[in-house]
Amino acid sequence: MGNVTKDDALYQEMCRVVGKVVLEMRDLGQEPKHIVIAGVLRTALANQRVKRSELTTEAMETVVKALAG
């Protein structure tokens, strides 16, 4: 993968997280609006039983901040 900086890794993880949510919403027949994506991620973050890497948690929080303002 080469020399990936922390910012690059965070950006890649943010893209992965958002892409996963958008594809799941599409499969459910929902329109992936930015505020809905932020809500889905907020709900997911609230579930403390799911084990996530620190990078994934940071990526999810950063996406929520970017999409919800």
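A brief look at the structure comes next. These numbers come from a predicted model, not from an experiment.

## A closer look at the overall build of the chain
For the chain, the helix and strand inventory stands at three helices and zero strands. In the chain, the succession of α and β elements from N to C terminus is α-α-α. Oriented by its inertia axes, the alpha-carbon framework of the chain measures out at about 40 × 25 × 25 Å. Put simply, 51% of the contacts in the chain that link residues at least 6 apart link residues at least 24 apart. Of the roughly 5100 Å² of accessible surface on the chain, 56% is carried by carbon and sulfur atoms. Looking at charge distribution, the chain has the averaged site of its 10 positive side-chain charges lying 7 Å from that of its 9 negative ones.

## Side note on the side chain of Thr56
Among the secondary structure elements, Thr56 is positioned in helix H3 (residues 54-68). A relative accessible area of 12% places Thr56 in the buried class. Not counting the four nearest positions on each side in its chain, Thr56 is found in contact with Glu13, Arg16 and Val17.

## Things to note about the pattern of salt bridges
Following the criterion strictly, the structure yields three salt bridges and no others. One salt bridge in this structure joins Glu58 and Lys6, with 2.9 Å as the shortest N-O distance. Here Glu58, found in helix H3, pairs with Lys6, found in helix H1 (residues 6-27); they are 52 residues apart in sequence, far enough to count as distant. Here Glu58 falls in the partly exposed class, since its relative accessible area comes to 26%. For Lys6, a relative accessible area of 54% translates into the label exposed.

## Observations concerning H3
Because an α-helix packs 3.6 residues into every turn, residues spaced three or four apart end up facing the same way. With 15 residues, H3 ought to run about 21 Å at 1.5 Å a step, and its terminal C-alpha atoms sit 21 Å apart, in line with that. By the burial criterion, the buried members of H3 are Thr56, Ala59, Met60, Val63 and Val64. Taken down its axis, H3 places every buried residue within 135° of arc, on the same side. Residues of H3 that are exposed and angled more than 90 degrees away from the buried face: Glu54, Lys65 and Ala66.

## Focus: the nonpolar core
If you look at the biggest cluster of nonpolar residues, it comprises 12 residues: Leu10, Met14, Val17, Val21, Met25, Ile37, Leu41, Leu45, Ala59, Met60, Val63 and Val64. Of all elements in the fold, only H1, helix H2 (34-46) and H3 reach the threshold of two or more residues within this core. Top contributing element to this core by residue count: H1, with five residues. Leave out the neighbours within four places in its chain, and Leu41 touches Val17, Val21, Met60, Val63 and Val64.

Calculation rules
Residues numbered from 1 in each chain as written. Predicted model: local features only at pLDDT ≥ 70, side-chain atom pairs only at ≥ 80, totals over all residues. Heavy atoms only, no water. Helix = DSSP H or I, 4+ residues; strand = E, 2+ residues; numbered from the N terminus. Contact = heavy atoms within 4.5 Å. Areas by Shrake-Rupley, 256 points an atom, 1.4 Å probe, with all protein chains shown as cover. Lys, Arg positive; Asp, Glu negative; His and termini not counted. Charge placed at Lys NZ, Arg CZ, Asp CG, Glu CD. Buried < 20%, exposed > 50% of the residue type's maximum accessible area, 1.4 Å probe, protein only. Salt bridge = Lys/Arg side-chain N within 4 Å of Asp/Glu carboxyl O. Expected span 1.5 Å × (residues − 1). Arc of directions from axis to C-beta. Core = buried A, V, L, I, M, F, W, Y, C linked by side-chain atoms within 4.5 Å.

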